[in-house]
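Examination of the molecular architecture
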Amino acid sequence: MRTRSLLVLAKPLLYLARYRVRVACLSCSKTSSNSTLTMPKTLDEPDVGISCFVSSLPGFRAVLKHRYSDFIVNEVSREGEVVHLTSFDLPQECINIKPEDESNSNDRDYSTPIESFRILCGDADAEALKVLLEKISSGSDTEIDPIILSPDSDKLHRSDVHNFFKKNFNFFITDTVEGPDDKSKCIRVRFSSGQSGKGGSNKRGKKRKGVYGTDREGGRFDSRGSDSWHLGKFVRFHLYKENKDTQEALGVIGKMLGIQTRGFGFAGTKDKRSVSTQQVTVFKVHPKRLAVLNDRLFGIKIGNICYVKEGLVLGQLKGNHFTITLRDVVGDSEEVITNAADGLGKYGFINYFGLQRFGSGPIPTHLIGAILFRGEWKSAVDLILNPREGEREAVKEVREHYTEDGDIDEMLRNLPRYLVAERSILQCLKKCPGNYLQALKAIPRTLRMMYVHSYQSYLWNHAVSLRVQKYGISQVVVGDLVYCKDSLPEEGTVIDSSEIESDAADAFLLDASSESQPEEKLPVVKVVDHEDISKGAYTFEDVVLPLPGSRVIYPDNEVASIYHEMAEKDGISLTESAHGVKEFSITSMTGGYRRVYQRPVDYTWEMIKYKNDNESLAQTDLDIITGKVAEAEKKDESTVVEGSHIVPKEKLALKLGFTLPPSSYATMAIRELLKSSSLAASQKINP
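Residues numbered from 1 in each chain as written. Predicted model: local features only at pLDDT ≥ 70, side-chain atom pairs only at ≥ 80, totals over all residues. Heavy atoms only, no water.

- The name an unreviewed UniProt entry gives the chain is Pseudouridylate synthase 7-like protein, with Rhynchospora pubera as the organism.
- Regarding the chain, the UniProt comment filed under Sequence similarities (unreviewed entry) reads as follows: "Belongs to the pseudouridine synthase TruD family." (UniProt positions renumbered as here; feature names shortened; annotations may be inferred.)

**As for the overall build of the chain**
- Helix and strand content of the chain: 18 helices and 24 strands.
- In the chain, which comprises 687 residues, the proportion classed as buried is 54%.
- Contacts spanning at least 24 positions in sequence make up 78% of the contacts within the chain whose residues lie at least 6 apart.
- Summed over its atoms, the accessible surface of the chain is roughly 30,700 Å², and 48% of this surface lies on carbon and sulfur atoms. (Helix = DSSP H or I, 4+ residues; strand = E, 2+ residues; numbered from the N terminus. Buried < 20%, exposed > 50% of the residue type's maximum accessible area, 1.4 Å probe, protein only. Contact = heavy atoms within 4.5 Å. Areas by Shrake-Rupley, 256 points an atom, 1.4 Å probe, with all protein chains shown as cover.)

**Side note on the pairing of strand 8 (residues 172–178)**
- Of all the 7 residues making up strand 8, 7 are buried; the element is thus mostly covered by neighbouring parts of the structure.
- As judged from the 7 bridges shared by strand 8 and strand 9 (residues 185–191), these two strands associate in the antiparallel manner. Its bridge partner being in strand 9, Val177 is matched across the sheet by Cys186. (Pairing = 2+ DSSP bridges.)

**Quick look at the packing of helix 8 (residues 365–374) against helix 14 (residues 445–471)**
- Interaxial distance between helix 8 and helix 14 falls to 7 Å at its minimum, and their mutual angle equals 105°. When the interaxial angle is binned, helix 8 and helix 14 end up roughly perpendicular. From helix 8, Thr365, His366, Ile368, Gly369, Ala370, Leu372 and Phe373 reach across to helix 14, where they touch Met450, Tyr451, Val452, Ser454, Tyr455 and Tyr458.
- Within the contact of helix 8 with helix 14, the residues separate by chemical class into 9 nonpolar, 4 polar and no charged. (Axes fitted to C-alpha atoms, helices over the stretch in contact; angles between N-to-C directions. Parallel < 35°, antiparallel > 145°, perpendicular 65-115°, else oblique. Nonpolar A, V, L, I, M, F, W, Y, C, P; charged D, E, K, R; others polar.)

**Details of the sheet that holds strand 17 (residues 525–527)**
- Across the sheet, 4 strands lie side by side as 17-16-18-19; this open sheet has antiparallel pairing. Each edge of the open sheet is held by one strand with a lone partner, namely strand 17 and strand 19 (592–595). Each strand of the sheet is rotated relative to its neighbour by a mean of 50°, with strand direction disregarded.
- Note: strand 16 (residues 481–483) against strand 18 (residues 543–547), 2 bridges, orientation antiparallel. Note on strand 18: the bridge partner recorded for Val482 is Val543.

**Describing the environment of Val552**
- Following the sequence through the fold, Val552 ends up in the loop between strand 18 and helix 16 (559–569).
- For Val552, a relative accessible area of 10% corresponds to the buried category.
- Along the sequence, Val552 and Val525 sit 27 residues apart, while their C-alpha atoms lie 8.9 Å from each other.
- When residues no more than four places from it in sequence are discounted, the contact partners of Val552 are Leu522, Pro546, Leu547, Thr590, Gly591, Gly592 and Tyr593.

**With respect to unusual backbone geometry**
- Unusually for a residue other than glycine, Lys284 sits at a positive phi of about 50°.
- Here Lys284 lies in the loop between strand 12 (275–283) and helix 6 (287–291).
- With phi around 55°, Lys675 is a residue other than glycine that occupies positive phi space.
- Relative to the elements of secondary structure, Lys675 occurs in the segment after helix 18 (666–674).

**Topic: helix 14**
- Counted at 1.5 Å a residue, the expected span for helix 14 with its 27 residues is 39 Å, and the 38 Å between its end C-alpha atoms agrees.
- Tyr451 marks the point of greatest bend in helix 14, at about 30°.
- The buried count for helix 14 comes to 23 of 27 residues, which makes it a mostly enclosed element.
- Two residues or fewer past helix 14, Gly472 is found with a positive phi of approximately 75°. (Expected span 1.5 Å × (residues − 1). Bend = angle between axes of the 7 residues up to and from the residue.)

Have a look at this one:
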C-alpha cells in the first residue's frame, strides 16, 4: 500500500496553547500584567508547541517503558563508535602500574608519615594534616579546603617540607604563599585528586604564576606529578546503569572513591528511566580502584577501562543509539503497524524539543525562564519555592509552612535533598535575606540556565509548528533558512543551544556541573530565494529555525512573526534586555539553529510475540556479558497449574533500533510512530 508524506495536525495551533491564564505575581499576590504563559496542572504537548506530525499514516496503541530494559540507550562517541560495556577485565597497561602511583588516599595507613611530619613541622601542623586526611578518607562529596601550615621563614626548611609531601603524599599539591607578615611565608597543602582549582592566588589576591598547571587551555586539573601517568592523566571507562541518571550514578561512584562528582567528565546525560551505557573520564584514579567497585555497586557497572590523554566535556559525542521496545501493541490491523514502522524510517519526524526539555515537575521550566527574562527575581524565587499541585503531600506541607512563617531553617531541615534549586535558593537567602537575584544565581549553573534555554525551546517548538502548518513539509519555500553548503556543521556537532542535552535529560537532575559550556561557533545560514527554488538546491530536510539570541537571523517569511508576537505577549523583547543581568538576558545569549526535520539513522524494527509482561524482550550490555538470553528468544513453554496446561495469551511487541544526533528526542520519534502524545503520565514503568 503506497502512502504519501502529508502534514497532519494533532490539534489546532494556538499561540500559547489552550489554557491561557495569567501568572500570579507571587511577590505581591496580584496578577502580573506582563505574563500570559500557560500553567496547566499537567503539562501536555500543545502547551509547549508540539502539535504536528510528518505523515498521514495511522498510528497504533502501545506501552512504552513497561520495563527499564525496554528503553536502552548507548552513547555514540566522537569517533562514531556505539559505546557498549563489553569487558570487566583490566588491560595489561593498567595492571602494570602500581596503585601507589596515583592519588589514592583512602586505603593506606599514614600514621608513620604523620609522626615523621610531626617531627619536621610540629604538633599543630601534624594535627591539621591528620584532619585533612580524615576528611578525604571519609568519602565526603563536599568541598575539601586546603590547609595552610605555620609560618616558615626558612627557605631550606620549606624545601624539605615540599620534598616530604612529594615522597609520602603524592596526592597532595603544595605551594608557597604569603604569610601573616611581609617577612614570612607559608606552605599551602591541597588535595589534587580531580579537584577544581581556582587558579592559585596568594593571600594578597595576586595570581601566582606557575603554581597550578591546566588542562585543555585552562581546565580544572593540576598537571604536576604526571610523569608516572605517561599513558594519560585520565582514566576512561564505560558506565553502565539501570534506572539511574548520570549524576546519581557518578555520585555513588565518587563517594566510594572519595572524590567529588564534578571530578568526572562525560559527554551527555542519559535518561534515568532506562538502561544506558556511556563513556566517563576521571582524573588520575587508578583503574584497579574503579574495577573493584563492581562488587559493591547495585544497578551500576564499570568496564572497558583505559588511559586517555584528555577528559571528556559535555557535547563531545555524535549522538545516541536507542533500542526501544513497545509492548501491548494493538492496531487496526497488522498492516497498519508494519506501515507505521516502515514510515518512521522513511519519513522521519518533526524535530521538536520533547516534554523532558520543559521539566518533570509541576512548574514548567519555560515559565520560570520567561520570568527571569523579565527580571522579576522575587516572582521567580516564589514560583520555585511556593506550594504546587501534584507534589507529594509531605513536600507540599513543607512548602506551605514556609509560605506561612518564612522559616528558612525549618524548610531546609525538611526539604528533600533532590530539590536542588529550592535548597540552593534557601541557603543563599539565609546568608543574604532579600537578595533574590543572588539566590537565583546560587542555583547550579546547568540548572538555572536550563530555565532560560527551555523558553528558547518553547518559542522554537511553536515556530516549527507554524512553519509546518503554513507551508507543509513537501518543499522549501522562499524565506526559509538553510545552512550554507560550505558552512555545514560537523557531523555530531550540537548547534541548537549552549546547553547540551540528550533525549534523556531529566531537567531537574542536571545539578552537579557549575561549568559553563564551551561556546560553539555558529554555522552560516542563508535565506532561500527564488533562484534557489528554481534550481532545486535545497529540500525540506535542509530547513532550520533559530533559537532566539543575539547572533541569529530569522526566516524571511511569516514564521518569523511568531517569535516576536509570542515573546511580546509574555512581556519579553527579543531585541532589548529588560535588565542588566547577562545570563538571564536573551539578547546576551548567542542563540543557535536546529533542523526542523529529523530522520532516524541505522533504523531497524522487528515484531516480537510474547506472553509474560515481565519477560525481557531485549538484551542489555550486561545480559550479553553474562550470557543471559532475552526471554523472547527462548522456547515458549506453557504454564502447568494443577495438572492442566494453561497457555497465556500471546501479545505483540515492536522493537526499534535507531541512532539520533545529540539533542534530538527519541520520544518525538515514538510520538510520530504511535500518532499519540508522549506525555510521561501515559507511560507505564515496572522494574
